[in-house]
Amino acid sequence: MTDNKSILLIANDYIRQGDNEGFLSFCTEDVTWEFVGDTILKGKPAVREYMQSTYAEPPEFDVQELIADDDRDTVVAIGIIKLINFNGSSKTYNYCDIWKLRNNKLAVLKAFVSEVGPL
């Protein structure tokens, strides 16, 4: 059996490769993504649509810390992500993703995201 950290890391590799369907194969049908203070996506079709409309290119991200509580099926990923939009401009964000897994699938994401401003 694969541990929850590994499940998330493998799923993230699909995103890095631009394979959104590969990533979605690691999600439950009723997956929920909540961007705290912004948007809530419910179900694979909504997540698929978000990925298609947001990821002009595969995002670049650096997972700086990964914490798992396998007894609670929870994984926390902290890092930086860079997104390039469809007009070619890019934005960089700090993020903290809290994932809940169900039956070895990604079921719930609660994402705290903050744009990196000028230093």
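Here goes a summary of the coordinates provided. (Residues numbered from 1 in each chain as written. Predicted model: local features only at pLDDT ≥ 70, side-chain atom pairs only at ≥ 80, totals over all residues. Heavy atoms only, no water.)

Quick notes on the environment of Val-76
Among the secondary structure elements, Val-76 is positioned in strand β4 (residues 74-84). Along the primary structure Val-76 and Leu-66 are separated by 10 residues, whereas in three dimensions their C-alpha atoms are 5.7 Å apart. Non-local contacts of Val-76, meaning those with residues more than four positions away in its chain, are made with Glu-65, Leu-66, Ile-67, Cys-96, Asp-97 and Ile-98. (Helix = DSSP H or I, 4+ residues; strand = E, 2+ residues; numbered from the N terminus. Contact = heavy atoms within 4.5 Å.)

A closer look at the pattern of salt bridges
Applying the stated rule across the entire model yields four salt bridges. Glu-29 is the salt-bridge partner of Lys-44, the closest N and O atoms lying 3.2 Å from each other. Placement of the pair is Lys-44 in helix α3 (residues 44-54) and Glu-29 in strand β1 (residues 27-35), with a sequence separation of 15 residues. Note that Asp-30 and Arg-102 form a salt bridge whose closest N and O atoms lie 2.5 Å from each other. You can see Asp-30 sitting in strand β1 and its partner Arg-102 sitting in strand β5 (residues 90-102), a full 72 residues away along the chain. Since its relative accessible area comes to 43%, Asp-30 is described here as partly exposed. (Salt bridge = Lys/Arg side-chain N within 4 Å of Asp/Glu carboxyl O. Buried < 20%, exposed > 50% of the residue type's maximum accessible area, 1.4 Å probe, protein only.)

Keep in mind these numbers describe shape, not what the thing actually does.
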